[in-house]
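# Structural characterization, general
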Amino acid sequence: MDLVSVIMPAYNAEKYIAESIESVIAQTYTNWELIIVDDGSTDGTAGIVKLFSSIDDRIKYIYQPNQQMGKARNTGIQNS
């Protein structure tokens with residue numbers, strides 16, 4: 001089975017990030033990695049992602065200062 005990388009840029013996404021992560025976890029295909037790039041969030045996004053990543057090692061958290069979604073996406077791709 002090929003590894004599938006899911007790239008998820010996030011900026012102040014605490015309201016929806018848990019639901020988004022749970023959606024990836026719920027997939028029937030299991031050989032995946034979820035790379036969440038926090039683009040300088042100032043809310044609780046980091047804490048939520050870190051909780052999920054401590055439970056499932058397929059979830060990776062990367063923080064970068066705010067550089068907009070395109071840069072966050074590219075950072076995720078570079079780390080896949």
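Summary of the structure given here. Worth saying up front: this structure is predicted, and the values here are computed from it rather than measured. (Residues numbered from 1 in each chain as written. Predicted model: local features only at pLDDT ≥ 70, side-chain atom pairs only at ≥ 80, totals over all residues. Heavy atoms only, no water.)

### A closer look at helix α3 (residues 69-78)
Because the α-helix completes a turn every 3.6 residues, residues three or four places apart line up on one side. Where α3 is concerned, the buried positions are Ala-72, Thr-75 and Gly-76. Axial view of α3: buried residues confined to an arc of 100°, hence all on one face. If you follow the buried residues of α3, they end up packed against β1 (4-10), β2 (32-39) and β3 (59-64). (Buried < 20%, exposed > 50% of the residue type's maximum accessible area, 1.4 Å probe, protein only. Helix = DSSP H or I, 4+ residues; strand = E, 2+ residues; numbered from the N terminus. Arc of directions from axis to C-beta. Contact = heavy atoms within 4.5 Å.)

### Structural notes on the nonpolar core
Listed in full, the 12 residues of the largest apolar core are Met-8, Ala-10, Ala-13, Ile-17, Ile-21, Val-24, Trp-32, Leu-34, Ile-36, Val-49, Phe-52 and Ile-59. Of all elements in the fold, only β1, α1 (17-25), β2 and α2 (45-55) reach the threshold of two or more residues within this core. Here Phe-52 is in contact with Ala-18, Ile-21, Glu-22, Ile-25 and Ile-59, once residues within four sequence places are set aside. (Core = buried A, V, L, I, M, F, W, Y, C linked by side-chain atoms within 4.5 Å.)

### With respect to the sheet that holds β3
Across the sheet, which stays open at both edges, the three strands sit in the order β1-β2-β3 with parallel pairing between neighbours. Two strands in the sheet have a free side with no partner beyond their single neighbour: β1 and β3. The average undirected angle you get between the axes of adjacent strands in this sheet is 20°. Across seven bridges, the pairing between β1 and β2 is parallel. For Pro-9, the partnering residue across the bridge sits in β2 and is Val-37. Each of β1, β2 and β3 touches α2; the most contacted strand, β3, lies at about 150° to it. (Pairing = 2+ DSSP bridges. Axes fitted to C-alpha atoms, helices over the stretch in contact; angles between N-to-C directions.)

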